[in-house]
Structure formats: C-alpha cells, structure tokens
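Per-entry structural report
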Amino acid sequence: MQKNKDASTAHKSRLREITAVLKKHGITRGVTPEKLRLILEDLGPTFIKIGQIMSMHSDILPKRYCDELMRLCYDVAPMPFKEVTEVIEAAYGCPFFDVFSEIDEKPLGSASIAQVHRAMLLDGSRVVVKVQRKDIYETMARDIALLHKAVKLVPPVSIKGMVDLDMVLDELWAVTREEMNFLTEAANMEEFAKNNQDVAYVDVPKIYQEYTTMHVLVMEYVDGCEISDKEYLTENGYDLKEIGSKLVDNYIKQVMDDGFFHADPHPGNVKIRDGKIVWMDMGMMGRLTDRDRELIGQAIQGIAMNDIGIIQDVVLELGEFKERPDPSVLYEGISGLMSKYGTLELGQIDIAEVMMDLMEVMKENKIIMPHGLTMLARGLTHMEGVLADIAPEINIIEIASRHMAGRYLLGRNWKKELKNSGKTIFRSIHKALNIPGLVSDMLHGYMKGQVKVNLDLHASAELERLLRRLIRNIVMGLWVMALLISSSIICTTDMKPKIMGIPALGAFGYMIAFMIVMYVFLKHIFSKNKGRSFYDRSGQKKRYGPADQGKRPSGAGSSTGSLLSGEPSGNCTGYCVIARRGAGC
C-alpha cells in the first residue's frame, strides 16, 4: 500500500515538473522544431533519449523536426562519482577496487542512459567502464507511463488521427530497454567484430565479458582520434579521401552483405587508430532481413531502370499500414521522386535525401516504415554528415552501386535461381494447358445465359469527397426548395401568430432556408482544393518537379574504385589498412 502511495506521489511530482517546463516554453502558442528540442532537453535524460529515437522516424514526423531532434545534445550533466561506484558495486556484489586498481573520477562522456570512465584492471589493462545511470530504468518507465496517459487526452483531430501514438511509445520503450541492457551491446560488438574480421582496416574494441553485466560494460580503451579530427589526421599522414571511401564501403557492406549495421555513426562513435577505422558504442544497431535487403536491391534496380511500378511494389511490400493506400496517389508520389532524381547522375544523388523524401511519400500515404529502415535512414544521414566534413567529393550511392555491381555475380545463388525459374516455368505450362478448357466452359455458360460478371469498384478518396459534397448539396437544395414552397403557401393563409403581418411559421421557414443557403455559400467560398504535396528539404510543402541542380560533386577517386573491385591499388592488395604518406599498407 505504502509502495503504491509513493509511486503515485512520484508520478504527481514528475507531472508538475513536466507541466512547469511546458509552461516555460509556451507550448500553447505552438511547437516549432527548435522549441521541441529545447523542451526535451529541459525535461531530462528520458526525454532526450526519446527525442533521439524519434529523430529516426521521418516516416512519422516532418523532416525539419527530425533534423532538429538530431541536434539533441549527447552530453548531459554527469552523475556524481559516488553513484557510479554504487552502481558498479551493486552489479559486482563487491567493492569496486576488487576489480579495478583505479577509476578516473572525471567521466570521458556522459549521455542520457550511461556515462563512461577511464579505468585500469588489476592486471594493468587500460579499459573504459560504461556505467548505467542509477535508477534510469525506473525513471524512464515512469515517464513512458505518463506519456501513455497523456496520449489518451490528445484530441482525435490532432496528430493522433494520423499516428498510433501508443504504438510509437511502445516501440520507443522497446528500443530504449534494449539499449539499457549492456549484455545486448556486448553481444552486438562481438557479432560486429565477427562480421568484419576479414576486413583489415576495421577494428572493434575488445569486450571483457567477465566484467560485463546488464548495468556495467567494460571494454578496451581506444587511444585514437575522432574521424572528424581532420587536422590531426592530415598531420599524421592520413588521406581523408581514402578514409572516407573505406568508411562508406564498410558501411555498405554492413547494410547489404551482413544485414547488421551501426545505426548511430556520428563522429564520436567512429575513431581512427593505427590505420584502422574503429567502430564504437553499439547500443543502437540496425538489422535488415534477407527479404528487406532483397527488396532494397529491387528498389535500386527500379531507380536504375526508371521503373515506377517496381518501386511502388517494393514500398507496398516493405511498408506496414492499417488500410491499403490509394495506388494512384502512391504512384503520383513516387513519380514525383523519379522526376526529381531520375535525371541526375549517380554522383549527384544524396542517398540520405532520397531516403527522407521517400519517407515523406510513405507518410503522405500513411505507410509506416519498418524499424530496420528507419534506423538505416538515420545511419545514412549521419554518414552523409561525416563525409561532408572529411571528404565532400565522395558520394554514398555511387560507391553503393559499384559495391553491389562488383558482388552481383559472386553473391547470386545460381542453383536457387535455376530452381525457382524451373518452378515458375512448370507452373506457367501447367496453367497454360488449362486455358482451352476454361475458354470452353466460359463459352458454354455464355450460350446458356449463365455468365455473370462481378465488378468490385473502389473510388479514390478524392472522388468519395466529391460525391459526398455533391449529394449533400443536392439534399440541402431540396430542403431549401421544400421550405420556400411550404413557407410561401403558409404565408397565403391567415395563420397566427404573425410577425410583421406574416405567419410566424412561414417566416421561420424562410429564415431556415436562408441559413442553409448561406451555409452552402460560405462552405463553397472557404473550401480549398488540396493538392498532393510533399515536404522539401526546408520542411515546406511543394509539388515535386524536375530538379536541375546537382546535389553533390560526383566521383570518389580512383583509390575507391580499386578498393571496391578488389584489385590492387598501388602497393595495396585487396582490403588493407588505411595507409599514411610515405608508408605502404
């Protein structure tokens, strides 16, 4: 009983905090993207994490909101060192100095869920300890529960009508719980290391499994520099273009070959050490099934062939929706995309922008992207940002197309392809043999007058609105006509009571008829034809038309081409570590 009372008090206290923050930012005057980010930052770690996850959902939020949420600070106020030691000792069941000879009290970084400290094991190994914030699970569970209650108060005419907010919150909670389980992150790092063990220029910090629990993760200390530290890299003889091209090639491998990729590759999570790209912080990883990757390949093929039908089929296969979208509207949206990007060279296409625009089309058609693809969109956006900083001349889609082309013949299962083709041919021949019999049955039925044609007609939403409006106006017109005729007849009588010499009932009929006419007239004046429109890069709505300008400089150097084809480049053989000036691979 006392426990429930304490929980209720905590809920009320937190609700007052949230209300105070919302009043501070004047939420009743609307929520701009910047205001939303500031509100989430003021509400604390839980809401910062929610905002970071929501930034991946451009299939739900407008792109300008997603772009702003991606700016949410990753560094938050660190928890006191005393709490750090309490979490460590609770996880190990012994004093922390029984495991570590020393722990640096000043954290290397402090995020919404955990913070990181440099430490040393008893055997002298230099490590990093990632410690989960104290009581963060309970805090986030409480805040998610409050948001679920708040969703019930959202009016049906708002965003609630377009998005299942309860489902979104459930997904946010599932992703956050997975990220709070450090055993999952350790397993992710081991799987990632296994997938990339044959890539000489990729490295992953070593995990100390014996010291890793759900709330504490211990891994090797990486003494390198961030990939965005161009000055350090240049001074130490690294070629930024080579780093960029190998970074992209490895990321495409993660997505298309492994189906297991880093979903948060911002500069802080990618370091360069001893000629290798070191991937870090794998709490947020994306997965694509074989089916997802096959469909993505078909979409790329559709773009290459300028075939809108293939892309439409892929979108319908990949998407999740409560009701079947209007194919004509979806076709129009994809056609707009093709007219925007179809005339550009591969080197001019911004893959992150394409993904975002495709999500806008899906959002317009109320199609929800699967979780793996929203993670991919986030990852590609970060990747484009890294490339724009260190090697702006490199284009992801150009490298991706060469990567896929180079592995197309190698990766195909010809036995499976021949087996599937054989089955298709057999089914086609079997059905073809039945055609004469079916035609004969149809003609016999026609001769006997037993032929029936079943038509299943589906009107588009626009046509339905037009018909509803037309029928409504006709009905109202009949009402007005009936009121005018009946009122006129009543006015010829001596019915009482009277108003200004006219029978009151007749005057009342005239007044109702006048009100109906004014309603129809004003409805017609203020009604607007809403065209099919999409958000552009600035977040404004517009119709898609042919785009003349290029998005990015094309080309990714000759070194990239030799890397992707697997041919030697200079003194390099196959996949090699990142070279420095004056040194071989």
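Residues numbered from 1 in each chain as written. Predicted model: local features only at pLDDT ≥ 70, side-chain atom pairs only at ≥ 80, totals over all residues. Heavy atoms only, no water.

This part covers the nonpolar core. In this structure, Trp279 and Leu376 are the most contacted members of the largest nonpolar core, which totals 97 residues. Looking at this core, the element that brings in the most residues is helix α15 (residues 371–390), giving nine residues. Beyond its immediate stretch of four places on either side in the chain, leucine 376 contacts Val255, Phe261, Leu288, Ile296 and Met355. The next biggest cluster of nonpolar side chains, apart from the first, holds 18 residues, and it includes Met79, Phe81, Phe96 and Val99. (Core = buried A, V, L, I, M, F, W, Y, C linked by side-chain atoms within 4.5 Å. Buried < 20%, exposed > 50% of the residue type's maximum accessible area, 1.4 Å probe, protein only. Helix = DSSP H or I, 4+ residues; strand = E, 2+ residues; numbered from the N terminus. Contact = heavy atoms within 4.5 Å.)

Overall, the coordinates contain 17 salt bridges when judged by the stated rule. As a salt-bridge pair, glutamate 86 and lysine 134 come within 2.5 Å of each other at their nearest N and O atoms. Here lysine 134 lies in the loop between β4 (126–132) and α6 (136–152) and glutamate 86 lies in helix α5 (residues 81–92), a separation of 48 residues in the sequence. One salt bridge in this structure joins lysine 246 and glutamate 242, with 2.8 Å as the shortest N-O distance. Taken as a pair, lysine 246 and glutamate 242 lie in helix α10 (residues 240–258) at a separation of four residues, close to a single helical turn. For the pair formed by lysine 246 and glutamate 242, the shared burial category is buried. (Salt bridge = Lys/Arg side-chain N within 4 Å of Asp/Glu carboxyl O.)

Across a regular strand the side chains alternate sides, sitting on one face of the sheet and then on the other. Here strand β9 (residues 270–273) shows no split at all, with Val270 and Ile272 on one side and Lys271 and Arg273 on the other all buried. Pairing analysis gives two bridges linking strand β7 (residues 225–226) to β9, with the strands arranged antiparallel. By the bridge assignment for β9, glutamate 226 is matched with lysine 271. As judged from the four bridges shared by β9 and strand β10 (residues 276–279), these two strands associate in the antiparallel manner. What sits directly across from valine 270, in β10, is tryptophan 279. (Pairing = 2+ DSSP bridges.)

Moving on to the packing of helix α2 (residues 33–43) against helix α3 (residues 45–54). Each pair of packed helices can be summarised by the angle the axes make with each other and by the distance between the axes. Running from N to C, α2 and α3 cross one another at 140 degrees; their axes reach a closest spacing of 5 Å. One element, α2, and the other, α3, form an angle in the oblique class. The segment α2 lies against α3, with Leu40, Glu41 and Leu43 engaging Phe47, Ile48 and Gly51. Looking at the contact of α2 with α3 residue by residue, the classes come out as four nonpolar, one polar and one charged. (Axes fitted to C-alpha atoms, helices over the stretch in contact; angles between N-to-C directions. Parallel < 35°, antiparallel > 145°, perpendicular 65-115°, else oblique. Nonpolar A, V, L, I, M, F, W, Y, C, P; charged D, E, K, R; others polar.)

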